[in-house]
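Residue-level structure breakdown
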Amino acid sequence: MYNISIQTILAASVLLVIFTWIGGVKASRLLYSGSLEKLHSKTRKLLFWAWFPILPAAAVVTAIVWLQMNMDPIFWRDRVFLQAPLVVIPLLSIWFVAVPKLLKLRSLTRVSLAESGAAIEPAMFHRAASPGLVFPYQLTALSAATSLYFTLVPSVPFQWMETTIPIAILIVLAASLWLRHNLRAKQVRKATNYQAPRLLARFGAMTGVLIVIAGIGFYLFNFAMDKSVLPAEIDMASGTHDYGGGAGGEHAHHDMTAMAGMVSVADLTGPKEGTPDRHFTLVAQKKTVTLSSGKTVDAWTYNGQIPGPELRMKEGELIEVTLTNDDIDVGVTAHWHGLDVPNAEDGVAGATQNAVMPGETYTYRFRAEQVGSFWYHSHQDSQEAVSKGLFGSLIVEPKETTDTTTFTIPFKDITVMTHRWKNTFAIGANDELDRQKVAPGTPVRMRLINTDDWVNQTYTLVGTPFEVAAIDGTDLNKPGLLTNTRVIVPTGGRFDLTFVMPDHPVYLNVGTNKNGGILLSEDGQGNVPELPQTVPFDPLTYGSPKATPFDASSSFDRDFTLILDNKLGFYNRNFDFLYTLNGKVFPDAPMFMVKEGDLVKTTIISRGNVEHPMHLHGHHVLVLSRNGKPSTGSPWWSDTLDVQPGETYEVAFVANNPGLWMDHCHNLVHAAAGMSMHLMYEGVTTPFSVGSGTQNHPE
Ligand SMILES: [Cu+2]
């Protein structure tokens, strides 16, 4: 409903501008009617253009009222106090100032027509040129255009300049029009025998005005475009600091100025000493890979395969990964998505390391401390790299091979890594129905990993009740049995489903194609079943509560607000709808500042019109509430939290992993368009930088 409201405001605002503009032009031309008959019929048409804009205006106002009645002030404050007056007040001036004058003129022309059918009398010219008749129509159009501007470029959080400049332009333009109409009215009154200017003269004057407006517009357009160019080099440790409210915020500034005890990101490494328990080699290379159907994909791969090799490890093991770049010209890294490793091992080009260029090698060392389903991908040019195949799954098994109280061997572990290769959907490298043999009675764990870009993937498990055992690599407490439930995984997110294989086929359907999925059966045969009606899975109330290190009633050291929104504008010379973080895009987006040990709360509010799976590196956040409703099920820890339009999430985490951590939308196309910010620990510096003058382009 939120989305319908904001789309209504947008669409109706566009219509309002068009309708009022037509009204304004017609009002101004009334004077040039030529004959009494024409003048009379034009007054009728103009009455119609007083009525017509009421429809879109009413739609805008209704949508704003709905927002005001159902949502928090952050969703409607600007719309109620800025946009609604811009739409309503000028419209009232049409009705209370212009229309009475118009009616008077209409009755005069009617009488005149009935009596003589003669030419227009001077008194009628005076009335047709009256600023009180013409100006309200044109003011309404200008005002509607300003309201539309605020719809496209909202000033939220409130920015003084961003609000006053458009209003000032509106006032200047309105004042010019008012002066022009007064001048014109005076000329008409002075002339004893008024003659409308010739069409050519009017056309010339109008062209002149348009050229001036276009010139100013062109200048502003270019100015904004040039201003949006990203600097050649950006140090991610610099930026707009946001210290959050809360207890820790006050002293924060002083700590920053104390330069003692500064630590470089490059020194925040995993264990440097010790023989690794497990060593992996990843070689990034271009390769044409064949999917199961025989279709080929020109891919960027780790080790020549898509997805890259599954990295399986056990809890507590010391892991060493050697990454070599063969021939990926833009460079590569390996980021362990969801695994909270030390900062220097996080694999973000420009933040925690330099991109690994062709011929170079980089070694990561970390201890696998969390059990669960993760994935890794390149965080250099990540939108292109991930879409082309530089990713793989990363699974951390518990220390014991199996939990004997729950599972009896053998245990079937299926990684379901879904990805769209251009127009071909595949699970792993399988783009056909994937049939797998599973003996009845076998415990099954399906690890759903959505590696796509801007696709909230839907997974429907048919043929058995199941549990959602884990989200984002964290087990849920006492998950209940589910049936006829679809699980929607945001891009970058992971959900683990568990069940015991029954004596009949089980089918995991992915997406909207009925035959896209995995069919499990005893003999590898069987038919794809009909898909039932389903309800979406909701983690907010699922499972049972369990004690957590902190909760909604804790006292927080930092309290941040993060508003996600859309804005029409430039990003690095590209004109587009930008996805903003507190009204800004990288590198102007705020940097959340914390101190080690802080308990941090963040309220994420999405005013925009599309979903944003927000991914915080190096930490897992605990969901406290959604839309004011507290989380009442199992503790819900997330590293990739999908925030839908109109939603508000309160999340919290402990700042226990010092460094410089990316916090971005995992719809990588959004991140690449600037929806990227970072969490910064006080006292941390980075020797790395990003920008066109460097080799590092993390998004
Ligand atoms: Cu996004």
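Since this is a predicted model, take the numbers as computed values, not measurements.

Focus: the pairing of strand β28 (residues 621-626)
Looking down a regular strand, the side chains alternate between one sheet face and the other. In terms of residue burial, β28 counts as a mostly covered element, since five of its six residues are buried. The sheet contact formed by β28 and strand β30 (residues 637-638) spans two bridges and is antiparallel. Across the sheet, V621 pairs through a bridge with S638, a residue of β30. Two elements, β28 and strand β29 (residues 629-630), share two bridges in a ladder whose sense is antiparallel. Pairing of S625 across the sheet is with P630, part of β29. What sits between β28 and β29 in their antiparallel hairpin is a turn of two residues, with N627 showing a positive phi close to 50°.

A short note on the environment of L103
With respect to the secondary-structure elements, L103 resides in helix α4 (residues 73-115). Residue class for L103 comes out exposed when judged on the 12 C-beta atoms lying within 10 Å of it. In sequence terms L103 and R44 are 59 residues apart; their C-alpha atoms lie 8.8 Å from each other.

So, the sheet that holds strand β16 (residues 467-471)
Pairing within the open sheet is mixed, and its six strands lie in the order β12-β11-β14-β19-β16-β17. For this open sheet the edge positions go to β12 (424-427) and β17 (474-475), each flanked by a neighbour on one side alone. Where strand β14 (residues 443-450) and strand β19 (residues 494-500) come together, seven bridges link them in antiparallel fashion. Bridge pairing in β19 places R447 opposite D496.

Focus on the UniProt feature "domain: Plastocyanin-like" (unreviewed entry) in the protein
Sequence positions flagged by UniProt for "domain: Plastocyanin-like" (unreviewed entry) are, in local numbering, residues 285-400 and 576-680. Taken end to end, residues 576-680 has its terminal C-alpha atoms 29 Å apart, with 5% of it in helix and 53% in strand.

A closer look at the UniProt feature "transmembrane region" (unreviewed entry) in the protein
As recorded in UniProt, the sites labelled "transmembrane region" (unreviewed entry) are residues 6-25, 46-68, 80-103, 134-152, 158-179 and 199-221. Secondary structure within residues 46-68 divides into 91% helix and 0% strand; the distance between the first and last C-alpha atoms comes to 33 Å. Span residues 199-221 is 100% helix and 0% strand, its end C-alpha atoms 32 Å apart.

Notes on the sheet that holds strand β34 (residues 676-681)
Taken in spatial order, the six strands make up an open sheet running β1-β25-β34-β33-β27-β31, and their pairing is mixed. Unpaired on one side and paired on the other, β1 (240-242) and β31 (640-643) mark the two borders of the sheet. Shown here is a sheet whose adjacent strand axes are inclined to one another by a mean of 25°, direction ignored. In the sheet, strand β27 (residues 612-616) pairs with β31 via four bridges, with the strands oriented antiparallel. Across the sheet, H612 pairs through a bridge with V643, a residue of β31.

Re helix α8 (residues 199-227)
An α-helix turns once every 3.6 residues. As a result, residues three or four positions apart point the same way. For α8, built from 29 residues, the straight-helix expectation of 42 Å at 1.5 Å per residue is met to within 8% by its first-to-last C-alpha distance of 41 Å. Counting buried positions over the 29 residues of α8 gives zero, only a small fraction of the element.

Brief notes about the domain arrangement of the protein
Taken domain by domain, the protein consists of domain 1 (2-196), domain 2 (240-261 + 547-685), domain 3 (268-399) and domain 4 (400-537). Between domain 1 and domain 2, the C-alpha centre-to-centre distance is 43 Å. Taken together, the contact between domain 1 and domain 2 spans 14 residues of the former and 13 residues of the latter. For the side of domain 1 that touches domain 2, the secondary structure elements donating two or more residues are α1 (2-29) and α4. Considering each element in turn, the side of domain 1 that touches domain 2 owes the most residues, four residues, to α1. Across the side of domain 1 that touches domain 2, the residue classes tally to 10 nonpolar, three polar and one charged.

Cut-offs applied
Residues numbered from 1 in each chain as written. Predicted model: local features only at pLDDT ≥ 70, side-chain atom pairs only at ≥ 80, totals over all residues. Buried ≥ 20, exposed ≤ 12 C-beta atoms within 10 Å, placed from the backbone. Helix = DSSP H or I, 4+ residues; strand = E, 2+ residues; numbered from the N terminus. Pairing = 2+ DSSP bridges. UniProt positions renumbered as here; feature names shortened; annotations may be inferred. Axes fitted to C-alpha atoms, helices over the stretch in contact; angles between N-to-C directions. Expected span 1.5 Å × (residues − 1). Domains from an automatic or database assignment. Contact = placed C-beta atoms within 7 Å. Nonpolar A, V, L, I, M, F, W, Y, C, P; charged D, E, K, R; others polar.

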